[in-house]
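The residues making up each chain are set out below.
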Amino acid sequence: MIELRQLIAGLRAHGCRDFGVLATSYGGWIGALLATVESDLRFVALMGPIVNIEHAIWASPAARLIRRELNRANIGASLVARHFHLSSPLHCQPVCDPARVLFVTGEFDSIAPSDEIEAIHQKWRGSELLSVRQGHFGYRMMRETIARLKERGDL
């Protein structure tokens with residue numbers, strides 16, 4: 001996130017004024033956090049964003065190796081849970097206009113489940129939620145996200 005903010009600042013210094021975020025999964029998590037500190041984002045399109053780090057680590061099928069290494073280092077779920085509020089977009093509000101935020105969820109996503117993305121959509125009042133018939137990864141989500149951004153006039 002620091003690097004993204006440095007990049008934005010550098011581009012601003014060279015006259016760039018329009019910034020948008022198009023991000024997936026882990027990038028969606030970072031993009032959501034970026035929306036909590038950058039007020040002038042033209043759009044924020046988050047596809048399958050990781051918004052619940054606890055689920056991503058302790059329940060997601062994609063994190064088996066991470067769980068094994070954390071357990072090996074005697075780092076349990078309670079330690080991670082204590083710090084969840086520090087890195088979770090669920091515990092923040094965007095400083096950009098929430099109407100500029102598009103959350104996109106895959107109906108069959110087991111890594112970033114729809115109910116978690118629905119929860120942040122509800123919390124970020126004014127944001128939009130788009131549901132796509134796919135899992136966590138797939139080309140359909142990108143196509144439908146780009147189409148929706150064009151419909152909204154963001155692209």
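Residues numbered from 1 in each chain as written. Predicted model: local features only at pLDDT ≥ 70, side-chain atom pairs only at ≥ 80, totals over all residues. Heavy atoms only, no water.

Chemist: Talk me through the pattern of salt bridges; I want residue IDs and the actual numbers.
Modeler: Oppositely charged side chains can pair when the atoms bearing their charge come close. Considering all chains together, one arrives at 10 salt bridges under this definition. The residue Arg 12 makes a salt bridge to Glu 38 at a minimum N-O spacing of 3.0 Å. One end of the pair, Arg 12, is in helix H1 (residues 2–13); the other, Glu 38, is in the loop between helix H2 (26–35) and strand E2 (41–47), and 26 residues separate them in sequence. Given a relative accessible area of 5%, Glu 38 falls into the buried group. Arg 148 is the partner of Glu 151 in a salt bridge, and the nearest nitrogen-oxygen pair spans 2.9 Å. Separated by 3 residues within a single helix, Glu 151 and Arg 148 lie in helix H7 (residues 139–152), roughly one turn from each other. One salt-bridge network, held together by shared partners, links Glu 128, Arg 148, Glu 151, Arg 152 and Asp 154. (Salt bridge = Lys/Arg side-chain N within 4 Å of Asp/Glu carboxyl O. Helix = DSSP H or I, 4+ residues; strand = E, 2+ residues; numbered from the N terminus. Buried < 20%, exposed > 50% of the residue type's maximum accessible area, 1.4 Å probe, protein only.)

Chemist: Account for the packing of aromatic side chains, naming residues and giving values.
Modeler: Applying the stated rule across the entire model yields 2 aromatic pairs. Each ring, one from Tyr 26 and one from Trp 29, has its centre 5.4 Å from the other, and the planes form 70°; the classification is edge-to-face. Of this pair, Tyr 26 and Trp 29 both sit in helix H2, 3 residues apart, which is roughly one turn of that helix. Trp 29 sits in the buried class, given a relative accessible area of 15%. (Phe/Tyr/Trp six-rings, centres within 6.5 Å; stacked < 30°, edge-to-face > 60°.)

Chemist: Quick rundown of the environment of Asn 74? Include the residues and the values.
Modeler: As for its placement among the helices and strands, Asn 74 is situated in the loop between helix H4 (64–72) and helix H5 (77–87). Residue Asn 74 is classed as exposed on the basis of its relative accessible area, which comes to 71%. Sequence separation of Asn 74 and Gly 20 is 54 residues, and the distance between their C-alpha atoms is 40 Å.

Chemist: I'd like to hear about the nonpolar core, residue by residue, with values.
Modeler: Core analysis: the largest hydrophobic core is formed by 30 residues, its most contacted members being Val 21, Val 44, Leu 46, Ile 50, Phe 103 and Trp 124. Those elements giving two or more residues to this core turn out to be strand E1 (19–24), H2, E2, helix H3 (53–58), H5, strand E3 (101–106) and helix H6 (114–123). With 6 residues, H2 is the largest single contributor of residues to this core. Beyond its immediate stretch of four places on either side in the chain, Trp 124 contacts Ala 32, Ala 35, Thr 36, Pro 89, Cys 92, Gln 93, Pro 94, Pro 98, Val 101 and Phe 103. (Core = buried A, V, L, I, M, F, W, Y, C linked by side-chain atoms within 4.5 Å. Contact = heavy atoms within 4.5 Å.)

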